[in-house]
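Residues per chain are reported as follows:
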Amino acid sequence: MSLTEKKLLIAVDGSAQSLHAVRYVAENFARVKLEVNLMYVMPTAPETFWDLEKDAFFMEKMKGRYAQWKREARRLAQGFLNNARNVLVRANVREQQVGVLLQERKVGIARDIIEEGKKGYDAVSWGEKV
């Protein structure tokens, strides 16, 4: 990698703040050769759901709704990643240099991002909603 090439990880969560982080990179690093990965870590379920999982009746009733929630969350995340990717491509980051990583939470959202960040990135950007 030459001095002008940079490998960036931008963690996104579907919020306006994370899209702002993508726009910031697009506006301020357009002249630098970039390899960018957009990473979206999906939560596995709302925390309250796990509190109720010990109730077998509740789990049986919610199984279908959980699957539906999960599909919808994945659809929304993929749509957001596509939009964020387009922001970078329109700012002249080469299309083949923009990757997307969509995964379910493994350990924890922040820890999953940190783990990915250890894979040779020059910088990690994280715009999260507050």
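Rules and cut-offs
- Residues numbered from 1 in each chain as written.
- Predicted model: local features only at pLDDT ≥ 70, side-chain atom pairs only at ≥ 80, totals over all residues.
- Heavy atoms only, no water.
- Pairing = 2+ DSSP bridges.
- Helix = DSSP H or I, 4+ residues; strand = E, 2+ residues; numbered from the N terminus.
- Axes fitted to C-alpha atoms, helices over the stretch in contact; angles between N-to-C directions.
- Contact = heavy atoms within 4.5 Å.
- Buried < 20%, exposed > 50% of the residue type's maximum accessible area, 1.4 Å probe, protein only.
- Arc of directions from axis to C-beta.
- Expected span 1.5 Å × (residues − 1).
- Lys, Arg positive; Asp, Glu negative; His and termini not counted.
- Salt bridge = Lys/Arg side-chain N within 4 Å of Asp/Glu carboxyl O.
- Polar contact = N/O pair within 3.5 Å; in protein donor to acceptor, adjacent residues only side chain to side chain.

## What to know about the sheet that holds strand β4 (residues 123–126)
Here is step 1: Pairing is parallel across the open sheet formed by four strands, whose spatial order is β3-β2-β1-β4. Two strands bound the open sheet, and with one partner strand each, they are β3 (98–104) and β4. Sheet twist, expressed as the average angle between the axes of neighbouring strands with direction ignored, equals 20 degrees.
Here is step 2: Sitting on the sheet, helix α1 (residues 16–28) touches β1 (5–12), β2 (33–42) and β4, and the angle it makes with β1 is about 165 degrees.
Here is step 3: Lying on the sheet, helix α4 (residues 109–117) is in contact with β1, β2, β3 and β4; it crosses β2 at an angle near 155 degrees.

## A short note on α4
Along an α-helix, a turn takes 3.6 residues, which lines up residues three or four apart on a common side.
Here is step 1: By the burial criterion, the buried members of α4 are Asp112, Ile113, Glu116 and Gly117. Projected onto a plane normal to the axis of α4, the buried residues spread over an arc of 140 degrees and lie on a single side.
Here is step 2: Of the surrounding secondary structure, the elements contacted by the buried residues of α4 are β1, β2, β3 and β4.

## Looking at α1
Here is step 1: Between its terminal C-alpha atoms α1 stretches 18 Å, which fits the 18 Å expected from 13 residues at 1.5 Å a residue.
Here is step 2: Three or more residues of α1 are buried, namely Ser18, Leu19, Ala21, Val22, Val25 and Ala26. End-on view of α1: buried residues confined to an arc of 150 degrees, all on one side of the axis. Exposed residues on α1 whose side chains face more than 90 degrees from its buried face are Ala16, His20 and Glu27.

## Points about the side chain of Asp112
Here is step 1: Following the sequence through the fold, Asp112 ends up in helix α4.
Here is step 2: One buried charged residue, Asp112, remains without a salt bridge, the closest side chain of opposite sign being Arg105 at 6.2 Å.
Here is step 3: At a separation of 3.0 Å, a polar atom in the side chain of Asp112 contacts the main-chain amide nitrogen of Val107.

## Considerations on the pairing of β1
Taken residue by residue, a regular strand's side chains alternate between the two faces of the sheet.
Here is step 1: By the criterion of burial, β1 is predominantly enclosed, with six of the eight residues buried.
Here is step 2: Inspection of the sheet shows β1 paired to β2 by eight bridges, in the parallel sense. Paired with Leu9 across the strands is Asn37, a residue of β2.
Here is step 3: Where β1 lies against β4, four bridges are found, and the strand directions are parallel. Residue pairing in the sheet places Leu9 in a bridge with Val124 of β4.

## Points about the pattern of salt bridges
Here is step 1: In this structure the tally under the stated criterion is five salt bridges.
Here is step 2: Residue Arg85 pairs with Glu95 through a salt bridge whose shortest N-O separation is 3.5 Å. Placement of Arg85 in helix α3 (residues 56–90) and of Glu95 in the loop between α3 and β3 is noted, with a sequence separation of 10 residues between them.
Here is step 3: Under the relative-accessibility criterion, Glu95 is labelled partly exposed at 46%.
Here is step 4: Salt-bridge contacts for Glu116 lead to Lys119; the nearest nitrogen and oxygen are separated by 3.1 Å.
Here is step 5: According to the relative accessible area criterion, Lys119 is exposed, its value standing at 53%.

These figures come from the coordinates and say nothing about function on their own.
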